[in-house]
Amino acid sequence: MPEPILVLDKLEKHFGGLAVTQQVSLDLRPGEIHALIGPNGAGKTTLIHLVSGTLRPDAGRVLLDGRDVTRLSLPQRARLGLARSFQITCVIPGFSALENVALALQAGDGSSFRFFRAAHHEARLNDAARATLDEVGLGARATIPAGALSHGERRQLELAVAIATQPRLLLLDEPLAGAGPEETERLIGLLQRLKARCPILLVEHDMQAVFALADRISVLNQGQLIVTGSAAQIQAHPEVQTAYLGEDEFA
Amino acid sequence: MTRLLRPSLLLPLLALAALAAAPFLGFGDRFALTLLSRAMILGMAAVSLSLLVGGAGLASLGHAAMMGIGAYVVAALDLAGITEGAIAFPAAILAAAAFAGITGLVALRTSGVYFIMITLAFGQMLFFTLSALSALGGDDGYTLYGRNTFLGADILTPRLSFHFICLGLLAASWGLCAMLSRSRFGRVLRAARETPLRVEALGFSPFPYRLLAYVIAGGIAGLAGALLANAMEFVSPAVASWPRSAELLFMVVLGGVAQLPGALVGALAFVLLEEGLAHVMSAWKLVFGPLLVLAVIFLPGGLTGGLPWRRRKQERRADA
Amino acid sequence: MTASLLMLQLLNGLQLGILLFLVAAGLTLVFGVMDFINLAHGAQYMLGAYLAASIGGALGSFWLGLLAALPLSLAFGLALEWLVFRHLYARDHLAQVLATFGVILVIDEGVRQLWGSAPLNVPQPEGFSGGITLMAGLTYPSFRLAIIVAGLAVAALMWLVVERSRLGMLIRAGASNAPMVRALGVDTGRLFLGVIGVGAMLAGFAGAMAGPVFAVVPGMGDQVLILAFVVIVIGGIGSIRGAFIAALAVGLVESLGRAMMPELMRLFLDAAPARQAGAAVASMLVYAVMAAVLAWRPAGLFPAARA
Amino acid sequence: MDRRSFLGAGASLLAMPAIIPAARAQSAAVKVAFVATLSGPAAALGVQLRDGWAAGVKHLGGKLGGLPVETLVIDDELKPETALTRVRAALDRDKVDFVVGVVFSNMLQAIFRPVTENETFLVTANAGPSTYAGRGCSPYFFTTAYQNDQPHATMGQVAQDFGYKRVFVLVPNYQAGKDAAAGFRSRFKGEVVDEVYVPLNQLDFANEVAKIAALKPDAVFTFMPGGLGVALVRQYRQAGLADIPFLSTFTVDEATLPAQREAALGFYTAATWAPDFANAQSQRFVQDFMADYNYVPGNYAAQAYDAASMIDSAVKAVGGKLSDKAGLRAAMEKADFTSLRGNFRVGRNHYPVQDFYLCKVVQRPDGKFATSTVRKVLSDDVDPYAGECRMRAT
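Here the structure is a predicted model, which means the values were calculated and not measured. (Residues numbered from 1 in each chain as written. Chains lettered and ligands numbered in written order. Predicted model: local features only at pLDDT ≥ 70, side-chain atom pairs only at ≥ 80, totals over all residues. Heavy atoms only, no water.)

For chain D, the count of helices and strands is 12 helices and 14 strands. Rg of the C-alpha trace for chain D: 21 Å, near the compact-globule value of 21 Å for 394 residues, within the 12% margin. In terms of overall dimensions, chain D has C-alpha extents of about 65 × 50 × 40 Å along its principal axes. Counting only residues that meet the buried cut, chain D has 65% of its 394 residues in that class. Within chain D, contacts between residues separated by at least 24 positions form 71% of all contacts whose residues are at least 6 apart in sequence. When the accessible area of chain D is evaluated, it comes to approximately 13400 Å², of which 52% is carbon and sulfur surface. Between the centroid of the 41 positive side chains of chain D and the centroid of its 39 negative side chains there is a distance of 2 Å. (Helix = DSSP H or I, 4+ residues; strand = E, 2+ residues; numbered from the N terminus. Rg over C-alpha atoms; globule rule 2.2 N^0.38 Å. Buried < 20%, exposed > 50% of the residue type's maximum accessible area, 1.4 Å probe, protein only. Contact = heavy atoms within 4.5 Å. Areas by Shrake-Rupley, 256 points an atom, 1.4 Å probe, with all protein chains shown as cover. Lys, Arg positive; Asp, Glu negative; His and termini not counted. Charge placed at Lys NZ, Arg CZ, Asp CG, Glu CD.)

Here it is as structure tokens:
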């Protein structure tokens, strides 16, 4: 078995007296999509925050490529190759789609303390950005300001931005939320192609998509990890069914 | 070529051309040149502030302090018998940039209104310090006996020469700020203004970018301050007062926050309007005040035009 | 410095702080609920002082002047809201700052045209001309005590309204999430109008009470406005509790700083430069305190929770 | 401003952009730029100055030396740059012959060089800093007021004459305040029990008043112009300190008394003139001034009035030939006019040599408050810097 890229080791997080993450341990291996599911309020988003570095755990460690990054900030982790998309679409509305991606490429391309050349004339960045946009299917929309794109298109742009940084792993927070059936189809295809390039830790509500995509699935409930396993294992697990009882999305 | 015809560029280019032609079109008397050079100097400070407000989303209410430092460096060197501009001007720029660097380290920890207020606080501290500087006349100010020379040449005193030096430095400041905001550096700044979380998720810490922008803008304002000291041949703490900072902010907004050269148009419009109104009536503020209010309400994009995407954003917000 | 002198300085600081609180409360309320920066708040304070002084002068009674100034301040605040402010709620802070700066220019100049440039005579409050002996060797002007008592009463009332009433709940909810309040079917337009009106009235009240103690001159509001902003920023914007604590802190720092700084400077300097340096340091002390607080807590002492 | 002139101003604004050079009006008029601080908290002083000048011109039949007067009133807004820009406009565009007025020293500092280097006469009616009294004196600069140190020194002499041993000094922390303290000490030889500097933007004097109450000095000397003086006098009275003699300069005067009223009764000030001066010229001035403006004129107004008289005498002496600068200067140095102050001549540094009086606040029969002469303190007083002046002949 290959070395895991990301390891979460007994993470703990409390808000006041409420334990939202309890002793959560899981890992992410090369070439896989590892989905994180659970009912609303199970602590999925908190866990994503802990992994990306916008929140600090009260206990436990986060290892990236074997390196302890628990104390590092969001930008520092990003520089080590952790790319993240956000539950609320987080693109730069005043920038064109192309420039959004070019900025991401710029992050991985030497110093940004360059003052004398107009950045939007840098052919190398622009070409690479265009290629990335083509890859996610947004090539025709490159010059449109991100603020003017449709919801689904902004999702695609988020993905383009994420992969443009050539990350070691992708952290995707509900990439399919709000997408129509057609867009969902397209995004699922895209994610499947992406996982060969870098592994994905995926939080998603759309169960059909999760079962179609994920190599492994972990179930969170009330801050605790109930089980990790394949789609079939998960569906058969009794505790999972209890946790989801009444939740229609687990249909 | 069509790029030059956009209102955001056309208006300031016309303004610069008009400034260059003005001395030959009947505005060559000393008063007109005094007024125009004051407008150009304030325009320089406003352009540098625009790099912060429009480029980085940092509305500083202490920008006049940087001008004050530049002006007082010229005065302090004059007191020490140094009138060489090749020393005084770089010293003014460096001192203002250093002040910006030190205060920026603290101020940039905050954002939004808190940033406005903490920059005001630093500005006020400097203002009171200058007012207490007995050696430089305290709040009576200090009269320079003559302008700076450059390598011995008296190029700042002849009126036309001074006019074109101001114009040249104004154009250069604009060019520098424009180049910065279009560069990779400026792209990160602009991105961090709009969506700081995204920028951090890409691995950038906005802080060093903002600090550097703050320092550069401070240096340009320091240069403007040194020029102002030479234009007035007099410095007083009023250069660094907070109403002056508010005026600079207003010039930026009047011209249009989103467009860097808007500040230039805003500064010209502001100075000429103020003097024009004051010339015809003593209660000019009764007209000027409502004009400010109306300009803010009805010209949301400033004189150099609107911000299409931002309007859309507002509409979206209204839908939500 | 004797104990009674120190007591006196403390009382003075307290009184200045209370006055600042009256101005800052309206400012922070408006900011918190509507996310609106109103620079004209200081001009409303000035207007309160002028109205109370001139009406009180005409009627021959300070208290009647005060009584008349309150509804007039309220009306003026509502008029401003209708004419100017409501067009600015959806705009960014910078636009609000500049438009209300324009309003200051108009009010300042208008006051000068109406009342002239000279400081205005203010009738002394009947029944509060003397001093009250608090302890042996410590007499305090009774009107200043009245300011302290009135300010504390207003603070208590605001606390009751904001923390304990349904209106207060709406105000607090509005501060953290205006769209949600709208979704609950509350007429936010009327809520905003009410908040602006109360803020204007508080500022007018503060100005009217300051009249007999300070000078009533054009531009008197600017100085107070800056201090009030210092107060709400230190306290955390939108927080009444923060404004109260910060106002008292700023009042005490102002007052004690001025009293102690020259003595403190004498440790390092000769007497004459120490006095001047002390005064210079004292005048920037509140700004230094604000910078220090913000460096330590970038959103003030009691940041209002925002959704 | 009445409605008509307001509309007129609006119309001319539309008609005339700001910096179109004005056509040179036909000469044969004396053009005067009158600079004063007419907005902000200190505007009351500027208004006194402006009205005093207007009263002087009116008494002269609207003419100076037989020539009609065009007065261009400039509000410096207490901002040096504004003062400079507007004065430069008056010099270059309106080609004024005299720049008159100026309330504050820092405004004078800002405009001094441009005006005198333009070889235009600058006659201040209030500001008289030491800078231009000694080595910095100029053939084009005159003042009809006094050198700033003199009124403070007068109060020092008063404290000395009254035999006070312990005096508390309270001044604002800026240059003029420091000069005031130094001026007072130059003639007061007793003990200064404490010298307190307050910020210029101070609102509240409670601390200082408390300190005075605790120290119980023989007298207080203070210099608190404008709104500062209003607040201090009121709080001094409220704290029940009125038994301690209140010696002041520019703190209780006709600009602030309408606000201080009873609170200032019996407080002392030093001045070169008071509205109860007995000479005929002065009585006529006060009477006409009050009829026109309905308030009591103070020192500021009187000094501006004298500036009009002085320029009138000079223009008369050169027969209306305004280009004769040497003649104008010589005539102004002679001061051949009837000053409201009676005894008045121009010293070698172009600052007046005059008497200084102790005055006291009283209530006039008409109910208004004013200063009233107590006694003369200094006679023919020459300022301490005059000796350093080497006036250039031009």
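A separate point is the arrangement of the chains. For the 4 pairs of chains in contact, the largest share of contacts goes to chains A and B. The two units chain A and chain C are non-contacting; their minimal C-alpha-C-alpha distance is 14 Å. What separates chain A from chain D at the closest point of their C-alpha atoms is a distance of 35 Å, and the two make no contact.

For helix 4 (residues 105–117) of chain D, built from 13 residues, the straight-helix expectation of 18 Å at 1.5 Å per residue is met to within 8% by its first-to-last C-alpha distance of 18 Å. Taking burial as the measure, the 13 residues of helix 4 of chain D include 12 buried ones, the bulk of the element. Within the span of helix 4 of chain D, buried status applies to S105(D), N106(D), M107(D), L108(D), Q109(D), A110(D), I111(D), F112(D), R113(D), P114(D), V115(D) and T116(D). Buried residues along helix 4 of chain D sit in contact with strand 1 (142–143) and strand 2 (234–235) of chain B together with helix 3 (80–92), strand 4 (98–101), strand 5 (121–124) and strand 6 (141–143) of chain D. Of the residues one or two after helix 4 of chain D, E119(D) is the one with positive phi, at around 55°. (Expected span 1.5 Å × (residues − 1).)

This brings us to the interface of chain C and chain B. Each partner contributes to the interface: chain C provides 41 residues, whereas chain B provides 37 residues. Taken together, chain C and chain B are joined by 0 salt bridges. Linking chain C with chain B are 5 residue pairs in polar contact (both at pLDDT 80 or more). Secondary structure elements with two or more residues in the side of chain C that touches chain B: helix 4 (93–115), helix 9 (220–235) and helix 11 (271–296) of chain C. Counting residues per element, the side of chain C that touches chain B draws most heavily on helix 4 of chain C, which supplies 14 residues. Considered class by class, the residues forming the side of chain C that touches chain B number 29 nonpolar, 8 polar and 4 charged. (Salt bridge = Lys/Arg side-chain N within 4 Å of Asp/Glu carboxyl O. Polar contact = N/O pair within 3.5 Å; in protein donor to acceptor, adjacent residues only side chain to side chain. Nonpolar A, V, L, I, M, F, W, Y, C, P; charged D, E, K, R; others polar.)

Right, let's talk about the UniProt feature "domain: Leucine-binding protein" (unreviewed entry) in chain D for a bit. As recorded in UniProt, the sites labelled "domain: Leucine-binding protein" (unreviewed entry) are residues 30–362 of chain D. Along residues 30–362 of chain D one finds 41% helix and 21% strand; the C-alpha atoms at either end are 39 Å apart. (UniProt positions renumbered as here; feature names shortened; annotations may be inferred.)

Aromatic ring pairs are reported here in terms of the distance separating the ring centres and the angle at which the planes meet. Going through the model one piece at a time under the given rule, you end up with 44 aromatic pairs over all chains. Pairing F24(B) with F164(B) gives two aromatic rings, centres 6.2 Å apart and planes at 25°, and the pair type is stacked. Placement of the pair is F24(B) in the loop between helix 1 (7–21) and helix 2 (30–56) and F164(B) in helix 6 (residues 159–182), with a sequence separation of 140 residues. Classification of F24(B) as exposed rests on a relative accessible area of 57%. For F164(B), a relative accessible area of 33% corresponds to the partly exposed category. Geometrically, the ring pair formed by Y50(C) and W115(C) is tilted, given 5.0 Å between the ring centres and 40° between the ring planes. Here Y50(C) is found in helix 2 (residues 41–59), whereas its partner W115(C) is found in helix 4, with 65 residues between them in sequence. On the basis of relative accessibility, which here comes to 25%, the residue W115(C) falls in the partly exposed class. Each member of the aromatic cluster is reached from another via a ring pair, and the members are W273(D), F277(D), F285(D), F289(D), Y293(D), Y295(D), Y305(D) and Y357(D). If you follow R147(B) out to its NZ or CZ, it ends over the ring of F162(B), 4.5 Å from the centre. (Phe/Tyr/Trp six-rings, centres within 6.5 Å; stacked < 30°, edge-to-face > 60°. Lys NZ or Arg CZ within 6 Å of the ring centre and 35° of its normal.)

What follows concerns the interface of chain B and chain A. In this complex, chain B contributes 26 residues to the contact, which on the side of chain A involves 41 residues. Taken together, the two surfaces of chain B and chain A that pack against each other cover about 3100 Å², and 63% of this comes from carbon and sulfur. Considering only the side of chain B, the residues that lose the most area to chain A are R184(B), R187(B) and R198(B), jointly responsible for 30% of the buried surface there. Linking chain B to chain A there are 4 salt bridges. Between E99(A) and R190(B) there is a salt bridge, and its shortest N-O distance comes to 3.6 Å. At the junction of chain B and chain A, the tally comes to 9 residue pairs in polar contact (both at pLDDT 80 or more). Put simply, the parts of the chain that give the side of chain B that touches chain A at least two residues each are helix 6, helix 7 (184–194), helix 8 (196–201), helix 9 (206–232) and helix 13 (308–319) of chain B. The leading source of residues in the side of chain B that touches chain A is helix 7 of chain B, at 7 residues. Split by residue class, the side of chain B that touches chain A holds 13 nonpolar, 4 polar and 9 charged. (Buried area = accessible area lost by both parts, 1.4 Å probe.)

What follows deals with the state of the cysteines. Evaluation of the coordinates by the stated rule reveals 1 disulfide over all chains. Each disulfide pairs two cysteine sulfurs, and for C137(D) the partner residue is C389(D), the sulfurs being separated by 2.0 Å. What sets the handedness of the C137(D) and C389(D) disulfide is the S-S torsion sign, and at about 85° it is right-handed. With C137(D) in the loop between strand 5 and strand 6 and C389(D) in the segment after strand 14 (369–381), this pair connects stretches of sequence that are 252 residues apart. As far as burial versus exposure is concerned, C137(D) and C389(D) are alike and both buried. Between C166(B), a free cysteine, and C177(B), which holds the nearest cysteine sulfur, the sulfur-to-sulfur gap is 16 Å. C166(B) sits in the buried class, given a relative accessible area of 0%. (Disulfide = S-S within 2.5 Å.)

Let us look at the pattern of salt bridges. Within the structure shown, the criterion is met by 43 salt bridges over all chains. We note a salt bridge from E275(B) to R86(D), for which the minimum N-O separation is 3.3 Å. Of this pair, E275(B) sits in helix 11 (residues 262–280) while R86(D) sits in helix 3, which puts the two residues in different chains. Residue E275(B) is classed as buried on the basis of its relative accessible area, which comes to 6%. A single network of salt bridges, built from pairs that share partners, joins R38(B), R244(B), E247(B), E274(B), E275(B), E77(D), K79(D), E81(D) and R86(D).

The subject of this paragraph is the confidence of the model for chain D. Summarising the model, chain D shows a mean pLDDT of 87, and 93% of its residues fall at 70 or more. Throughout residues 1–26 of chain D the model reports pLDDT below 50, and contacts reaching past four residues in sequence, or to other chains, amount to 35 contacts. (pLDDT = per-residue confidence, 0-100.)

Every α-helix winds through 3.6 residues per turn, so residues three or four apart in the chain are directed the same way. Given a rise of 1.5 Å per residue, 24 residues ought to cover 34 Å, and the 34 Å separating the end C-alpha atoms of helix 6 of chain B matches this to within 8%. If you check which residues of helix 6 of chain B are buried, you get F162(B), H163(B), C166(B), L167(B), L170(B), S173(B), W174(B), C177(B), L180(B) and S181(B).

Moving on, we get to the UniProt feature "transmembrane region" (unreviewed entry) in chain B. Residues and elements named next belong to chain B. Mapped onto the present numbering, the UniProt feature "transmembrane region" (unreviewed entry) falls on residues 38–58, 65–82, 88–108, 115–136, 160–180, 249–271 and 283–303. Helix makes up 83% of residues 65–82 and strand 0%, with an end-to-end C-alpha separation of 23 Å. For residues 160–180, helix accounts for 100% and strand for 0%, while the C-alpha atoms at its two ends are 30 Å apart.

For the rest of this paragraph, the subject is the pairing of strand 10 (residues 246–249) of chain D. Residues and elements named next belong to chain D. Of the two faces of strand 10, the one carrying F246 and S248 and the one carrying L247 and T249 are both buried. Once the chain exits strand 9 (residues 219–223) it traverses helix 8 (residues 227–238) before rejoining the sheet at strand 10, and the crossover so formed is right-handed. Here 2 bridges tie strand 10 to strand 11 (residues 268–271), and the two strands are oriented parallel to one another. Bridging across to strand 11, S248 finds its partner in T269. (Right-handed = clockwise from strand over helix to strand, strands pointing away. Pairing = 2+ DSSP bridges.)

A cluster of nonpolar side chains, contributed by L6(C), M7(C), L10(C), I132(C), L134(C), M135(C) and M260(C), occupies part of the molecular surface with about 530 Å² of accessible area. Mapped onto the secondary structure, M260(C) falls in helix 10 (residues 240–265). (Patch = residues over 30% accessible without salt bridge, like charges linked within 9 Å, V, L, I, M, F, W, Y side chains within 5 Å.)

Membership of the largest hydrophobic core comes to 281 residues, with the highest contact counts inside it found for L157(A) and M67(B). Sort the elements by how many residues they give to this core and helix 2 of chain B lands first, with 16 residues. Residues contacting L157(A), with those up to four places away along its chain left out, are V91(A), A97(A), N100(A), V101(A), L133(A), L138(A), A146(A) and L149(A). Core analysis: the second largest hydrophobic core is formed by 110 residues, V47(D), L64(D), F98(D) and A307(D) among them. (Core = buried A, V, L, I, M, F, W, Y, C linked by side-chain atoms within 4.5 Å.)

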